[in-house]
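Report on the structure
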Amino acid sequence: MLSSKAMLDGHGEESPYFQGWKEYEKNAYDDIKNPTGIIQMGLAENQLSLDLLKTWIENNQDATRLTNNGESVFRDLALFQDYHGLPAFKNVLAEFMAEIRGNKVSFDPRKLVLMAGATAASETLMFCIAEHGDAFLLPTPYYPGYDRDLKWRTGVELVPIHCLSSNGFKVTKFALEEAYQQAKKLSLNVKGVLITNPSNPLGTTMSHVELDELITFTVAKKIHLISDEIFSGTVFENPSFISIIEAVIDRKLEKTDLWSRVHIVYSLSKDFGIPGFRVGMIYSNNERLVSTATKMSSYGLISSQTQYLQSKLLSGKEFREKYLEENRNRVKERREMMVVGLGEAGISCLKGNAGLFCWVDLRNLLSSNTFTAEMELWKKILHEAGLNISPGASCHCSEPGWFRICFANMSQETLKVSMERMKAFISKQYCCM
């Protein structure tokens, strides 16, 4: 007999977000071996600038040979088990995070907790802040994986802050209060708000007005505010990215108790396109939380050789700057390619300035204004067009007909194929209406 955790379906795999992945894995597209297979457009992975990293590695053999100025550091790394992390890595990571934010804020390496990816970092924050059955409020639409990352093992409940297309899915004072009162009706103890900025799946940055509303709300309710900023380095045009730390400082709230209730999640998986290295982190001004999270990081440490490699990679200021600039340009160019391709088929996207995806409006293709119709359309696109995209329902969107479509996890040629398939599918749908 196994535990209830093992026996119950709390992981969230029944979501179409994960179901689409399974269908793709059974019939994956390959331009030569399987040209009629399913193209994966449901994965927010950044493959656009791997060539830059590959070139850097080829030119910096110390990093991969585990040497420093020609001297082996293998023994030191092989025996390193300190869950505080390599100081050299934390120092350059703090510098890098500040650079992404235009050096408008600085980060203390001592307040960084290293974790094996943003998933581990987010879950650890839940364990540190909330009890089983407590609630966090999240603006919709939100990343489908949160239903797994934040809830499955912690027992935390997620309550949606319903945002609407009529104002570009922006967070409002009314929506925040409505979600809070809904949680109270369900007898839930609200411990905080979690946002993604830049947004996944919207591909937009939060305005100062939205951040101010969030700050005012969390101050009034005396709750925590977590900002997942893993796409912060992908912002390619105005409005510029404003970190939650910067917004709090602008309000001159550093000496209030809110300062200890604001936390950041970050990762190198999206900005640097290295999810396999599992580099994530928590940043917090709460000493007790940092201490506890650091102890918890024993369950998901970043390997010492990965930390060493990344410390070398990030220590070159010139490379960091050139990489970020080039990667942003490539993200912008690839996004425009998708927007134009969809536009030729009569499909529009929410105006975005960040991220590795577009928030696409397919409401005109619904047979009715229902989530049942959205699921029917999603299945048609998956099986008839051979494209795995993420339906809005999996992101808890309040309105049927919106879909997240990723563009950075494939070659330019594959994206062209996907756009041709989408055009053919849409043309067929309009003929049948």
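So, a few notes on the structure that sits alongside this text.

Rules of the game
- Residues numbered from 1 in each chain as written.
- Predicted model: local features only at pLDDT ≥ 70, side-chain atom pairs only at ≥ 80, totals over all residues.
- Heavy atoms only, no water.
- Disulfide = S-S within 2.5 Å.
- Buried < 20%, exposed > 50% of the residue type's maximum accessible area, 1.4 Å probe, protein only.
- Axes fitted to C-alpha atoms, helices over the stretch in contact; angles between N-to-C directions.
- Helix = DSSP H or I, 4+ residues; strand = E, 2+ residues; numbered from the N terminus.
- Parallel < 35°, antiparallel > 145°, perpendicular 65-115°, else oblique.
- Left-handed = near helix turned anticlockwise from the far one by under 90°.
- Contact = heavy atoms within 4.5 Å.
- Phe/Tyr/Trp six-rings, centres within 6.5 Å; stacked < 30°, edge-to-face > 60°.
- Lys NZ or Arg CZ within 6 Å of the ring centre and 35° of its normal.
- Nonpolar A, V, L, I, M, F, W, Y, C, P; charged D, E, K, R; others polar.

1. Focus on the state of the cysteines
Taken as a whole and judged by the stated rule, the model has 0 disulfides. Left without a disulfide partner, Cys395 is nearest to the cysteine sulfur of Cys397, which lies 7.7 Å away. According to the relative accessible area criterion, Cys395 is buried, its value standing at 0%. The cysteine Cys406 is free of any disulfide, with Cys358 supplying the nearest cysteine sulfur at 9.1 Å. Its relative accessible area of 0% is what places Cys406 among the buried residues.

2. Focus on the packing of helix α3 (residues 50-59) against helix α14 (residues 317-344)
Running from N to C, α3 and α14 cross one another at 155°; their axes reach a closest spacing of 10 Å. Taken together, α3 and α14 sit at an angle that is classed as roughly antiparallel. The two elements α3 and α14 meet at a crossing, and its hand is right-handed. Contact residues: Asp51, Leu52, Leu53 and Trp56 in α3; Phe319, Tyr323, Glu326 and Arg330 in α14.

3. Structural notes on the packing of aromatic side chains
This model, assessed by the stated rule, comprises 16 aromatic pairs. Measuring from centroid to centroid gives 6.3 Å for Phe18 and Trp21, while their planes differ by 70°, and the two rings are edge-to-face. Linking Phe18 with Trp21, this pair stays in helix α2 (residues 16-26), spanning 3 residues, or about one helical turn. Note on Trp359 and Trp402: the rings are 6.1 Å apart at their centroids and 10° apart in plane angle, and the pair reads as stacked. Pair noted here: Trp359 is in strand β12 (residues 357-361) and Trp402 is in strand β15 (residues 402-406), with a separation of 43 residues, a long-range link. Residue Trp359 is classed as buried on the basis of its relative accessible area, which comes to 0%. Its relative accessible area of 5% is what places Trp402 among the buried residues. Linked through ring pairs, Tyr17, Phe18, Trp21, Tyr142, Tyr143 and Tyr146 together constitute an aromatic cluster. When the ring centre of Tyr180 is taken as origin, the NZ or CZ atom of Lys221, which lies over that ring, is 4.3 Å away.

4. Topic: the packing of helix α9 (residues 173-185) against helix α10 (residues 208-221)
Interhelical geometry of α9 versus α10 gives an angle of 35° and a closest axis separation of 10 Å. The hand of the α9/α10 crossing is right-handed. Across the interface between the two elements, Lys173, Leu176, Glu177 and Tyr180 of α9 pack against Glu213, Leu214, Phe217 and Lys221 of α10. Classifying every residue of the contact of α9 with α10 by side-chain character gives 4 nonpolar, no polar and 4 charged.

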